[in-house]
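The residues making up each chain are set out below.
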Amino acid sequence: MAKITLKNLRHSYFPEPKGPQDYALKEVDLDWQDGGAYALLGPSGCGKSTLLNIISGLLVPSEGQILFDGQDVTKLPPDQRNIAQVFQFPVIYDTMTVRENLAFPLKNRGVDPATIEKRVAEIAEMLEVTDMLDRKAAGLSPDNKQKISMGRGLVRDDVNVVMFDEPLTVIDPHLKWKLRTKLKELHQRVSHTMIYVTHDQTEALTFADQVVVMQLGEVVQIGTPEELFERPAHTFVGHFIGSPGMNVLPAEVKDGQAYFEGQPVTLEGPIASDVPGTVEIGIRPEFVSLAETGIPATVSRVADVGRHTVVEAMVGAHKVAAIQNGPAPQKGDKVHLHFTPEQTRLYADGWIASEPAQKESAA
Ligand SMILES: Nc1ncnc2c1ncn2[C@@H]1O[C@H](COP(=O)(O)OP(=O)(O)OP(=O)(O)O)[C@@H](O)[C@H]1O
């Protein structure tokens with residue numbers, strides 16, 4: 001295993017890129033720590049596959065370097081990078097048994113038969129496929145085939161990184177959660193560096209210790225699932241993670257005070273008195289409550305989603321979502337909204353511009 005460093009990485013599919021819009025990857029500087037469980041999360045077209053292909057060696061970046069434990073591998077072909085990859089669709093040999101499929105990557109590398117037998121038995125036990133070892137792969141269900149495909153990715157213990165590219169695409173929805181949890185457990189047992197590529201926040205947040213969020217060819221935030229939820233560094237992260245996503249509301253700043261629709265709003269911490277660019281307030285629906293006083297609003301929609309109610313209320317022309325655990329109002333009700341100050345952030349041109357709340361000193 002290795003620490004993977006991406007240094008000043010940029011990639012354009014155009015031979016002569018004219019500006020940032022021509023780059024699929026704009027500027028990526030990243031360290032993937034040895035043994036980490038990472039998710040690469042972002043919408044379709046944000047550059048996830050481009051980044052993955054650069055790490056695996058299928059693509060040489062237009063600019064920048066890839067280092068494995070400090071060694072430059074930018075120009076090395078895939079077979080010299082010692083990487084295991086699990087794709088969207090199972091890559092297994094139908095004519096072989098499950099045992100032969102799992103053994104294949106080891107046999108290919110000349111590993112001795114006793115070690116192969118031991119390792120295959122371990123991986124089969126972890127994936128709960130021991131009873132299938134002597135069955136031909138052709139007869140397996142799609143999810144079992146994908147399990148074997150994952151097993152082939154995990155069976156070698158000498159790889160630098162195991163990369164999963166949307167591995168649950170073919171899996172039935174009711175089995176997805178099972179495999180997702182299994183993968184997390186497998187990471188804890190085999191402790192390989194793993195990179196899990198997905199556009200699905202649930203998959204990313206369940207699997208990863210660190211989530212790398214990408215948008216339009218850029219990394220917008222790297223953090224634990226809690227950090228991404230608690231304090232999104234960019235409004236995109238706030239929108240993309242959470243259900244519903246963060247409210248992003250147009251704001252004004254005068255003399256260090258933020259306003260939404262003319263109403264003063266208390267933020268988590270200090271801001272510069274003159275915040276440049278487009279200014280917005282970000283507050284998650286979990287931290288908006290209906291109160292006696294606050295910002296006047298009219299309820300426009302009430303949705304009971306089981307554990308709680310999502311209330312949408314209009315403040316002028318702007319919709320604000322609030323998660324309510326108590327009695328729900330009705331459509332058309334006049335209400336007041338209260339934003340929890342420690343959870344209310346300011347964003348300038350999309351990026352966070354308020355300071356975190358000052359912790360009281362223990363003096
Ligand atoms: N071979 C290619 N030639 C030209 N443009 C490409 C090529 N591959 C990808 N792109 C463009 O590069 C950008 C990033 O694409 P990429 O496939 O890396 O994104 P992604 O996040 O993996 O999306 P998806 O989840 O849909 O695969 C997109 O604008 C895409 O159209």
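Residues numbered from 1 in each chain as written. Predicted model: local features only at pLDDT ≥ 70, side-chain atom pairs only at ≥ 80, totals over all residues.

The chain is annotated in an unreviewed UniProt entry as sn-glycerol-3-phosphate import ATP-binding protein UgpC of Shimia marina. What UniProt records for the chain under Sequence similarities (unreviewed entry) is the sentence "Belongs to the ABC transporter superfamily." (UniProt positions renumbered as here; feature names shortened; annotations may be inferred.)

Further remarks concern the environment of Phe240. Structurally, the position occupied by Phe240 is in helix 8 (residues 235-240). When the 24 C-beta atoms within 10 Å are taken as the criterion, Phe240 is described as buried. The sequence separation of Phe240 and Gly42 amounts to 198 residues, and the corresponding C-alpha distance is 8.2 Å. When near neighbours in sequence (up to four residues on either side) are disregarded, Phe240 contacts Gln201, Val213 and Gly245. (Helix = DSSP H or I, 4+ residues; strand = E, 2+ residues; numbered from the N terminus. Buried ≥ 20, exposed ≤ 12 C-beta atoms within 10 Å, placed from the backbone. Contact = placed C-beta atoms within 7 Å.)

Let us look at the sheet that holds strand 10 (residues 218-223). Strand order in this open sheet of six strands is 6-7-8-3-9-10, and the pairing throughout is mixed. For this open sheet the edge positions go to strand 6 (83-86) and strand 10, each flanked by a neighbour on one side alone. Averaged over all neighbouring strand pairs, the angle between strand axes comes to 20°, with direction disregarded. Note: strand 7 (residues 161-165) against strand 8 (residues 194-198), four bridges, orientation parallel. Counted as the bridge partner of Met163 is Ile195 from strand 8. Docked against the sheet, helix 1 (residues 48-56) engages strand 3 (37-41), strand 6, strand 7, strand 8 and strand 9 (210-215), running at close to 150° with respect to strand 7. (Pairing = 2+ DSSP bridges. Axes fitted to C-alpha atoms, helices over the stretch in contact; angles between N-to-C directions.)

On to helix 4 (residues 142-154). With 13 residues, helix 4 extends 18 Å from end C-alpha to end C-alpha; this agrees with the ideal 18 Å at 1.5 Å per step. Counting buried positions along helix 4 yields eleven of 13 residues, so the element is predominantly enclosed. Listing the buried residues of helix 4 in full gives Asn144, Lys145, Gln146, Lys147, Ile148, Ser149, Met150, Gly151, Arg152, Gly153 and Leu154. Residues of helix 4 that are buried in the fold lie against strand 6, helix 2 (98-108), helix 3 (113-127), strand 7 and helix 5 (173-190). (Expected span 1.5 Å × (residues − 1).)

As a further point, take the pairing of strand 8. A regular strand places its side chains so that they alternate between the two faces of the sheet. Extensive coverage of strand 8 is indicated by the burial of five of its five residues. In terms of strand pairing, strand 3 meets strand 8 through five bridges, oriented parallel. Across the sheet, the residue bridging to Ala37 is Met194, located in strand 8. In this fold, the crossover linking strand 7 to strand 8 by way of helix 5 has right-handed handedness. (Right-handed = clockwise from strand over helix to strand, strands pointing away.)

As recorded in UniProt, the feature "domain: ABC transporter" (unreviewed entry) lies at residues 4-241. Measuring from the first to the last C-alpha atom of residues 4-241 gives 26 Å, for a span that is 36% helix and 23% strand.

Taking 1.5 Å of rise per residue, the 18 residues of helix 5 would be expected to cover 26 Å, and the 26 Å separating its terminal C-alpha atoms lies within 8% of that figure. Residues Leu179, Arg180, Leu183, Leu186 and His187 constitute the buried set of helix 5. Viewed along the axis of helix 5, the buried residues span an arc of 125°, placing them on a single side of the element. Of the exposed residues in helix 5, the ones pointing more than 90 degrees away from its buried face are His174, Thr181, Glu185, Gln188 and Arg189. In this fold, the buried residues of helix 5 make contact with strand 3, helix 3, helix 4, strand 8 and helix 6 (201-207). (Arc of directions from axis to C-beta.)

Before going further, it helps to examine the packing of helix 2 against helix 3. Two numbers describe how helix 2 lies on helix 3: the axes approach to 10 Å, and their chain directions differ by 130°. Considering the angle they form, helix 2 stands oblique to helix 3. In this structure, the crossing between helix 2 and helix 3 has a hand that is right-handed. Seen from helix 2, the contacting residues are Arg99, Leu102, Ala103, Leu106 and Lys107; seen from helix 3, they are Ile116, Arg119, Val120, Ile123 and Ala124. Here the residues of the contact of helix 2 with helix 3 sort into seven nonpolar, no polar and three charged. (Parallel < 35°, antiparallel > 145°, perpendicular 65-115°, else oblique. Left-handed = near helix turned anticlockwise from the far one by under 90°. Nonpolar A, V, L, I, M, F, W, Y, C, P; charged D, E, K, R; others polar.)

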